[in-house]
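# Coordinate analysis (summary)
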Amino acid sequence: MTQSYRRSGDEMPQDRPYAYGDDHGQGHGQGYGHEAYGGTPGAGFSEQAVPPPPPYAPERPRRARRPVALIAAVALASGLIGGGSAALIAGATQPSAQNSSSTPLVNAGKTSGSGVSGVAKAVSPAIVEIRAQSAKGESTGSGVVVNSDGEIVTNNHVLAGADTVTVTFHDGSRKTAEVVGTDPGKDLALVKVRGAKNLTAASLGDSSKITVGDQVVAIGSPEGLTGSVTSGIVSALDRDVTVPKEEGQGQQDGPGGRGGWPFEFGGNQYNGDTGSSKTSYKAIQTDASLNPGNSGGALINMQGQIIGINSAMYSPSSESSSSAGSVGLGFAIPINTVKDDLDALRGGGNSGV
C-alpha cells in the first residue's frame, strides 16, 4: 500500500480547478488516488504520472496595504495641517481695512504727516500772535483764527485796556485788528483783522469728548516766539480756575508784564494777586508746556481740532517774565464755551460781571 504524504504547511486549497482525492483515496470523476511519492501507481491509475498541482501562491499579507494607507493618511493630515497654517499666516498678514488706515487730520490747510508734526503743520497757519498796546505798556498773547474773514478769538486779559491791536500771522505778515467784543466773565475776546480775506481758519472740535490722558498739542507765542509748538496730555478736566477780569490786571503776559497770568485754584493764588473782581470757569488742565504769551493760543487734539483756548498757567516765579517758566500746570477754556459765546462776542460781548 502506497502511503500519501503532504508537505508540512501545504494546505490544499478548496477552490482549485483540479479534483484531487478525498480522505479515502477516491477520485472525483477521474478515478485517481492520492499522489504517490517514490512508489508505483496502484490499480486504477494511468501510466501517465499525475502532474503536480501548480505552485500555491499564498495570499498576499494584509499588512502590505498598510503602508499605502498610512502614507495616504499622513499626506491627508499634512495637507490639512499645511492648509491650516497657510490660512493662519494669510489671516495674520492680510492688511485690515480698519487698522491699516491712519486717522486723517481735520485740516486747517493742506497737510502731510501725522502725530504732533502733522497737527502742527495743519493748524499753525490758523494761530497768530497778538500784541496789545495801551497806556500801561504792551502785552503779548496769541489768538485763533475762527473764520476766513479775519475773526480771531483770544483771551480778554490779553486785550484788556488795549488801544491798538496788531496781529502777526504764521507767514510773518502783520495786520491791524479791532476789538469786536469782550467777555471778561469768560475771559474771552474777539478781534477782527481789517480787510482780511481767505485766511486759514481752524477747525473747532468738541471739548465734551476729550478724556484724561488724551494727547494734545499747544501752539502759541510764548515770550514773543511766534508759532511755538509743545505737546502733552490732558491732565484733568473741570478744574475750577479763578482769574481776574479787571482792566489793567490782565496785562501780565509777555514783555512788560510780571511773567505769568495770576489765577486762583483751591483757594490759593498763583502768579500774583487776582484782585477783587474775578471770574471762575471750568478749565482743561494740561501738562503741555505753556509760558507767558501762550494765553489765547490753541490747545489741539490729534485730529487737528481746537479743543481749548489756553488761558492760565502756574509759574514757579512771578517776579519777572525772564524767570517764569512752565512746570506742566496749564489751563485752557473749553472750546464748547467759546462756541457758545461767539454770537455774543460778535455783538459786542458782555462787559458785565
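This text goes with the structure placed above it.
Overview of the structure. Computed from a predicted structure; not experimentally measured.

### A short note on the pairing of strand β14 (residues 305-313)
In terms of burial, β14 is a largely internal element, eight of the nine residues being buried. Sheet topology places strand β7 (residues 203-204) next to β14; two bridges connect them, and they run parallel. If you follow Leu204 over to β14, its bridge partner there is Ile306. Pairing of strand β13 (residues 298-300) with β14 involves three bridges; the strand directions are antiparallel. Bridge pairing in β14 places Leu299 opposite Gly308. Counting the residues between successive antiparallel strands, the hairpin from β13 to β14 contains four residues, one of them, Gly304, with a positive phi of roughly 80 degrees. Bridging between β14 and strand β15 (residues 330-334) involves five bridges; their strand directions are antiparallel. In the strand pairing of β15, Asn310 is matched with Ala332.

### Overview of helix α5 (residues 335-346)
Since there are 3.6 residues in each turn of an α-helix, residues three or four apart along the chain are aligned in direction. For α5, spanning twelve residues, the distance from its first C-alpha to its last is 16 Å, which sits close to the expected 16 Å at 1.5 Å a residue. Buried residues of α5: Ile335, Val338, Asp341, Leu342 and Leu345, and no others. Viewed along the axis of α5, the buried residues span an arc of 145 degrees, placing them on a single side of the element. In α5, the exposed residues that point more than 90 degrees away from the buried face are Asp340 and Asp343. Considering only its buried residues, α5 is in contact with β3 (151-154), β5 (174-183), β6 (188-193), β7, β14 and β15. Where α5 ends, the next residue or the one after it, Gly348, has phi of about 115 degrees, a positive value.

### Brief notes about the packing of aromatic side chains
According to the stated counting rule, one finds four aromatic pairs in the structure shown. A network of ring pairs unites the aromatic residues Phe263, Phe265, Tyr270, Tyr314 and Phe331 as a single cluster.

### Remarks on the pattern of salt bridges
Scanning the entire structure with this criterion turns up seven salt bridges. A salt bridge links Asp341 to Lys186, with the shortest nitrogen-to-oxygen separation between them at 3.7 Å. Here Asp341 is found in helix α5, whereas its partner Lys186 is found in the loop between β5 and β6, with 155 residues between them in sequence. We classify Asp341 as buried; its relative accessible area is 4%. Measuring nitrogen to oxygen at the nearest pair gives 2.6 Å for the salt bridge that ties Lys278 to Glu264. Linking Lys278 in strand β12 (residues 278-286) with Glu264 in strand β10 (residues 263-265), this pair joins segments that are 14 residues apart in sequence. What makes Lys278 partly exposed here is its relative accessible area of 31%. Classification of Glu264 as buried rests on a relative accessible area of 14%. The network of salt bridges with common partners includes Glu129, Arg131 and Glu138.

### Thoughts on unusual backbone geometry
Despite not being glycine, Asp187 shows a phi value in the positive range, around 55 degrees. With respect to the element layout, Asp187 can be found in the loop between β5 and β6. Unusually for a residue other than glycine, Asn198 sits at a positive phi of about 55 degrees. Considering the arrangement of structural elements, one finds Asn198 in the loop between β6 and β7. Judged by relative accessible area, which is 71%, Asn198 ranks as exposed.

Rules of the game
- As a convention, each chain's residues are numbered from 1 in the sequence order in which they are written.
- For a predicted model such as this one, the threshold for reporting local features is a pLDDT of at least 70, and the threshold for listing and counting side-chain atom pairs is 80 or more; totals across whole chains, interfaces and linings nevertheless cover every residue.
- Note that the side-chain values use all heavy atoms of the structure and ignore hydrogens as well as water.
- Only protein chains enter the area calculation, which uses a 1.4 Å probe; residues under 20% of their type maximum are buried, those over 50% are exposed, and those in between are partly exposed.
- Counting from the N terminus, the helices are DSSP H or I runs at least four residues long and the strands are E runs at least two residues long.
- Any two strands are treated as partners once DSSP identifies two or more bridges connecting them.
- In a helix, the anticipated span is given by 1.5 Å times the number of residues less one.
- In this context, the arc is that of the directions from the helix axis out to the C-beta atoms.
- Contacts were defined at the residue level, with two residues in contact if any of their heavy atoms lie within 4.5 Å.
- Aromatic rings from Phe, Tyr and Trp, taking only the six-membered ring of Trp, are treated as a pair when their centres fall within 6.5 Å; an angle between ring planes under 30 degrees marks them as stacked, one over 60 as edge-to-face, and anything in between as tilted.
- Criterion for a salt bridge: a side-chain nitrogen of Lys or Arg within 4 Å of a carboxyl oxygen of Asp or Glu.

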